[in-house]
Amino acid sequence: MVQIPKPPAPKALAPRSVPTSADVARLAGVSRATVSYVLNNTSAVRISEPTRRRVHEAARELGYVPHAAARSLRAGHSRTVLMPAPSFPAGPLYRRFLDELQGALGRLDYTVVQYGTVGLYDDEAARAWAELRPVAVLVPGAGLGPRGVEVLKRSGARAVVTLGPDAVEGAHALLMDHETVGHSAARHLYDRGRRGIGVVVPAEDGLEVFSAPRLAGARRAVGDTDATVTELPLAYEERDAARLAGRWRSLGLDAVYAYNDEYAMLLMRALQDEGLDIPGDAAVIGADDLMLGRLLRPRLSTVHLELPSGRDLAALVDRAVHDPAAAPERHKVLGAAVVHRESS
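This write-up is about the structure you can find in this document.

The rules we used
- Residues numbered from 1 in each chain as written.
- Predicted model: local features only at pLDDT ≥ 70, side-chain atom pairs only at ≥ 80, totals over all residues.
- Heavy atoms only, no water.
- 1 Å grid on protein atoms, 1.4 Å probe; cavity = no way out; pocket = protein on both sides within 12 Å on 5 of 7 lines; lining within 4 Å.
- Points joined across faces, edges and corners; volume = space filled by probe spheres on them.
- Helix = DSSP H or I, 4+ residues; strand = E, 2+ residues; numbered from the N terminus.
- Core = buried A, V, L, I, M, F, W, Y, C linked by side-chain atoms within 4.5 Å.
- Buried < 20%, exposed > 50% of the residue type's maximum accessible area, 1.4 Å probe, protein only.
- Pairing = 2+ DSSP bridges.
- Axes fitted to C-alpha atoms, helices over the stretch in contact; angles between N-to-C directions.
- Contact = heavy atoms within 4.5 Å.
- Phe/Tyr/Trp six-rings, centres within 6.5 Å; stacked < 30°, edge-to-face > 60°.
- Lys NZ or Arg CZ within 6 Å of the ring centre and 35° of its normal.

The next subject is empty space enclosed by the protein. This model, assessed by the stated rule, comprises 1 cavity of 30 Å³ or more. Space inside the largest cavity adds up to approximately 60 Å³. Around the largest cavity sit 12 residues that line it, and Met83, Pro84, Tyr94, Leu98 and Pro140 are the ones nearest its centre. Put simply, the parts of the chain that give the lining of the largest cavity at least two residues each are strand E1 (80–84), helix H5 (92–107) and strand E3 (136–140). No other element matches the 4 residues that H5 contributes to the lining of the largest cavity.

This paragraph deals with the nonpolar core. Val81, Leu101, Leu105, Leu138, Tyr257, Leu313 and Val317 are the most contacted members of the largest nonpolar core, which totals 48 residues. Ranked by residues supplied to this core, first place goes to H5 with 7 residues.

A separate point is the sheet that holds strand E11 (residues 330–332). Here we have 6 strands laid out as an open sheet, ordered E2-E1-E3-E4-E5-E11, and parallel in their pairing. Two strands close off the open sheet at either side, each with one partner strand: strand E2 (111–115) and E11. Taking each pair of neighbouring strands and ignoring which way they run, the sheet shows an average axis angle of 15°. Alignment of E3 against strand E4 (residues 159–164), held across 5 bridges, turns out to be parallel. Pairing of Val137 across the sheet is with Val160, part of E4.

Strand order across the open sheet formed by 4 strands is E7-E6-E8-E9, with parallel pairing between neighbours. The sheet terminates laterally at strand E7 (228–234) and strand E9 (283–285), the two strands that pair on one side only. Within the sheet, the average angular offset between the axes of one strand and its neighbour, ignoring direction, is 25°. Pairing of strand E8 (residues 255–257) with E9 involves 3 bridges; the strand directions are parallel. Counted as the bridge partner of Ala255 is Ala283 from E9. Packed on one face of the sheet, helix H8 (residues 179–191) meets strand E6 (196–202), E8 and E9 and runs near 165° to E8. Sheet strands in contact with helix H12 (residues 261–273) are E6, E7, E8 and E9, and its direction is about 160° off that of E9.

Right, let's get into the packing of aromatic side chains. Here the structure, examined in full by the defined rule, presents 2 aromatic pairs. Centroid distance Tyr259 to Tyr263: 5.7 Å. Interplanar angle 85°. Geometry classified as edge-to-face. Of the residues examined, Tyr259 reaches a relative accessible area of 4% and is grouped as buried. A relative accessible area of 5% places Tyr263 in the buried class. Taken together, Tyr236, Tyr259 and Tyr263 form an aromatic cluster joined through their ring pairs. For Arg79, the ring lying beneath its charged end belongs to Tyr110, and the centroid distance is 4.0 Å. Against the face of Tyr190 rests Arg195, its NZ or CZ located 3.8 Å from the ring centre.

If you want it as structure tokens, here you go:
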């Protein structure tokens with residue numbers, strides 16, 4: 001047996017002193033107050049641009065980083081905005097919205113923290129978020145109730161904002177009416193002469209908060225007509241799409257609204273592999289208006305969604321932080337417009 005020699009114990013390193021704002025002030029040749037004004041982006045005090053540059057250069061040279069907890073104590077609240085990770089699979093459109101929102105909050109000097117909530121629900125999740133003492137919480141989807149809002153506010157959260165289909169008592173709400181998406185897609189197919197309309201309902205957990213109202217909207221769109229709507233459960237995998245395409249001819253359908261562009265592209269490829277003509281045998285429409293859909297042949301019809309502006313939502317958070325006693329705001333923020341291309 002070969003023995004691996006044990007390496008000698010490393011010599012203990014002398015602890016390095018943590019740089020302070022006083023060190024930055026000495027190196028930059030300014031007062032500690034000036035360092036604080038510059039690094040905290042204080043707008044109430046005018047600081048010349050050369051002085052700002054000297055302070056930032058000194059901080060970089062020393063490796064100085066302001067202490068977030070100390071800054072929170074001075075301000076009376078943190079600058080942390082907590083964004084629980086969504087419980088649903090986030091597509092490209094939603095990710096772009098989150099990126100824009102985080103950038104807008106950063107420009108307002110907030111620190112955005114994403115929080116994983118696997119296994120936590122409703123008020124239990126709210127208590128976990130409250131432990132971090134955020135100044136604001138942005139909750140995507142459903143699952144937060146009035147008691148959870150109260151828990152967050154008692155812990156010091158000045159703003160609680162929900163992004164979903166329904167408002168929650170005590171919270172600001174960005175209301176997203178996903179029925180409109182399904183209604184727009186189904187009505188487009190009906191107006192193009194289609195009467196047997198399938199609606200894809202994703203089998204993945206977490207998406208029912210969007211897929212259920214989209215299906216309801218499609219049913220409502222043709223409820224007083226001679227058209228029919230058939231629910232089509234579909235997992236986002238090639239084998240499941242192939243199985244659905246294999247029985248397409250027996251379903252009596254001539255069109256499909258496939259939930260979003262990703263499911264539409266998956267199913268359209270499977271239908272074509274089955275020998276079906278798009279749009280002759282099956283008209284296809286998705287939602288989200290992704291670039292990839294424009295590169296397909298035939299090009300994919302879609303429902304273009306207008307999500308709220310990240311800048312506007314950041315401004316709402318900032319208003320609420322500065323006036324936590326203000327009445328909750330309610331805004332309908334999801335626009336839907338059909339983009340007709342060759343697939344339908």
